[in-house]
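Architecture at a glance
Spelled out from the first residue to the last, the chains are:
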Amino acid sequence: MQIEIEYGTQVRVASGVTREKIETPEGSTAAELLARLLTAHDGALAPWITADGQPRPGLLVFINDQSPASLQNALLRHGDHVALMTLVSGG
Amino acid sequence: MANQVPKTITPEELDIYQWQLWVSDFGLAGQEKLRQSSVLVSRLGGLGGLVAYQLAAAGVGKLVLAHAGNVKPSDLNRQLLMTHDWIGKPRIESAQRRLSELNPRVEIVAVNANVHDDNAAELVSQVDLVVDCAPLFEERLAMNRAAVNARKPVVECAMYDLEASLTSVVPGQTPCLACLTPTPPTAWRREFPVFGAVSGTVGCMAAMEVIKILAGFGEPLLGTLLTMDLRSMQFRRRGISRREDCEVCGPLWPSVQAPDA
């Protein structure tokens, strides 16, 4: 199935892309998707994603513009829009 | 029938605030609420300076402003309360001077310090609402904790590059900052790319959130993170969820009772 990924703030800069489409197996969870993205971007997202697809502090994940309670339990569906961005601040 | 003019609104103020008094669901009642309200703005940089400027212009009664340090040349692309002639002098003095010139009716409490664990509760106790514009998450989380403990609303605004975000926290009704990150993000850097036009945009929007919450009209961003990308001019509203084990705001939420066996 195909998932549309949107990157914002620091992860946009680290990944070098704003949007991309990723193929994932049917029944993938959001955590599995994050682990796949970590590999797809050669570890550039390692400051925000652990090897098992868990977000590090400061990473925000939205599925269809809603933050899931748990990435491990969040099953993805074909055509879902997943946004990754980091919390930022002022200055 | 004409509205009764509250005794505390003077004819001079009616003139000054005339254009916003024409906002139908704000009016004199809203202006009186603003006049009687107090707001803490944490840091007066690109974001906080614009928040404070708009709140002073709108007639908020009292601003408590917290910002340490002296004006640097690298502040001046976005920190519009700071001026070239004040380089090397305290930021808080430049901010106080500029705000007093704009609206001398506003009471300004200038604090030459940043928010931290030891002063957050005392600063928050002086106001009705807090605006978080600080660059360090240690400051932001300290103020979040103090505001949630005091049941005071917080407007959270932030920026990076050509992107920005905004949400409003009402303790016990919405997620708080610690729900989004219980600890400071290790990959965050205190200095980052940004234009003054980006900080100005989200700073003005944050001020509008404050005015809506204080005056009780419109629809604040409760449980919603507004993200904006000014490179593509895309704005999105995204739902944010509270963390059930949040150590800061968790105790304010009613616990879910297990059904009887």
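Structure: see above.
Right, let's walk through the structure included here. All of these numbers come straight from a predicted model, not from anything done at the bench. (Residues numbered from 1 in each chain as written. Chains lettered and ligands numbered in written order. Predicted model: local features only at pLDDT ≥ 70, side-chain atom pairs only at ≥ 80, totals over all residues. Heavy atoms only, no water.)

1. Let's talk about the overall build of chain B
- When its secondary structure is counted, chain B shows 9 helices and 8 strands.
- Over its C-alpha atoms chain B spans a radius of gyration of 19 Å, differing by no more than 12% from the 18 Å that the globule rule assigns to 261 residues.
- Taking the principal axes of the C-alpha coordinates as reference, chain B spans close to 65 × 55 × 40 Å.
- Looking at chain B as a whole, 57% of its 261 residues qualify as buried. (Helix = DSSP H or I, 4+ residues; strand = E, 2+ residues; numbered from the N terminus. Rg over C-alpha atoms; globule rule 2.2 N^0.38 Å. Buried < 20%, exposed > 50% of the residue type's maximum accessible area, 1.4 Å probe, protein only.)

2. With respect to unusual backbone geometry
- The phi dihedral of B:R151 falls on the positive side, at around 60°, and the residue is not glycine.
- For B:R151, the location among the structural elements is in the loop between helix 7 (137-149) and strand 5 (154-160).

3. A closer look at the sheet that holds strand 4 (residues 81-86) of chain A
Residues and elements named next belong to chain A.
- Spatial ordering of the open sheet is given by 2-1-4-3, a layout of 4 strands whose pairing is mixed. Each end of this open sheet is capped by a strand with a single partner; those strands are strand 2 (19-23) and strand 3 (59-63). Across this sheet, the average inter-strand angle for adjacent strands is 25°, counted without regard to direction.
- Bridging between strand 3 and strand 4 involves 5 bridges; their strand directions are antiparallel. Paired with F62 across the two strands is A83, which belongs to strand 4. (Pairing = 2+ DSSP bridges. Axes fitted to C-alpha atoms, helices over the stretch in contact; angles between N-to-C directions.)

4. What about the interface of chain B and chain A?
- On the side of chain A, 24 residues touch chain B, which itself brings 35 residues to the contact.
- Across the chain B to chain A interface the summed buried area is about 2,300 Å²; carbon plus sulfur atoms make up 53%.
- For the pair chain B and chain A, the number of links is 5 salt bridges.
- A:R12 serves as the salt-bridge partner of B:E163, at 2.7 Å between the closest nitrogen and oxygen.
- At the level of elements, helix 4 (46-58), helix 7, strand 5, strand 6 (163-169), helix 8 (177-180), strand 7 (224-229) and strand 8 (234-239) of chain B are the ones that each hand at least two residues to the side of chain B that touches chain A.
- Top contributing element to the side of chain B that touches chain A by residue count: strand 8 of chain B, with 5 residues. (Contact = heavy atoms within 4.5 Å. Buried area = accessible area lost by both parts, 1.4 Å probe. Salt bridge = Lys/Arg side-chain N within 4 Å of Asp/Glu carboxyl O.)

5. Quick notes on the pattern of salt bridges
Residue and element names in this part refer to chain B.
- This structure, assessed with the given rule, holds 16 salt bridges over all chains.
- For E13, the salt bridge identified is with R35, shortest N-O distance 3.0 Å. Linking E13 in helix 1 (residues 11-16) with R35 in helix 3 (residues 27-35), this pair joins segments that are 22 residues apart in sequence.
- Its relative accessible area of 30% is what places R35 among the partly exposed residues.
- Ionic pairing is found between E139 and R43, a salt bridge with its closest N-O pair at 2.5 Å. Note that E139 is positioned in helix 7 and R43 in the loop between strand 1 (38-42) and helix 4, a separation of 96 residues in sequence.

6. With respect to the packing of helix 3 of chain B against helix 9 (residues 196-215) of chain B
Residues and elements named next belong to chain B.
- Taken N-terminus to C-terminus, the directions of helix 3 and helix 9 make an angle of 105°; their axes are 8 Å apart at the nearest point. As the angle between them shows, helix 3 and helix 9 are arranged roughly perpendicular. The segment helix 3 lies against helix 9, with G30, K33 and L34 engaging I211, L214 and A215.
- For the contact of helix 3 with helix 9, the per-class residue count stands at 4 nonpolar, 1 polar and 1 charged. (Parallel < 35°, antiparallel > 145°, perpendicular 65-115°, else oblique. Nonpolar A, V, L, I, M, F, W, Y, C, P; charged D, E, K, R; others polar.)

7. Some words on empty space enclosed by the protein
- Here the structure, examined in full by the defined rule, presents 1 cavity of 30 Å³ or more.
- Its boundaries defined by the atoms lining it, the largest cavity holds a volume of some 120 Å³.
- Residue lining of the largest cavity: 16 residues in total, with A:L87, B:E156, B:T167, B:L177 and B:L180 positioned closest to the centre.
- When contributions to the lining of the largest cavity are tallied by element, the ones reaching two or more residues are helix 7, strand 5, strand 6 and helix 8 of chain B.
- Residue classes in the lining of the largest cavity are distributed as 12 nonpolar, 2 polar and 2 charged. (1 Å grid on protein atoms, 1.4 Å probe; cavity = no way out; pocket = protein on both sides within 12 Å on 5 of 7 lines; lining within 4 Å. Points joined across faces, edges and corners; volume = space filled by probe spheres on them.)

Don't take any of this as a statement about function, it's just geometry.
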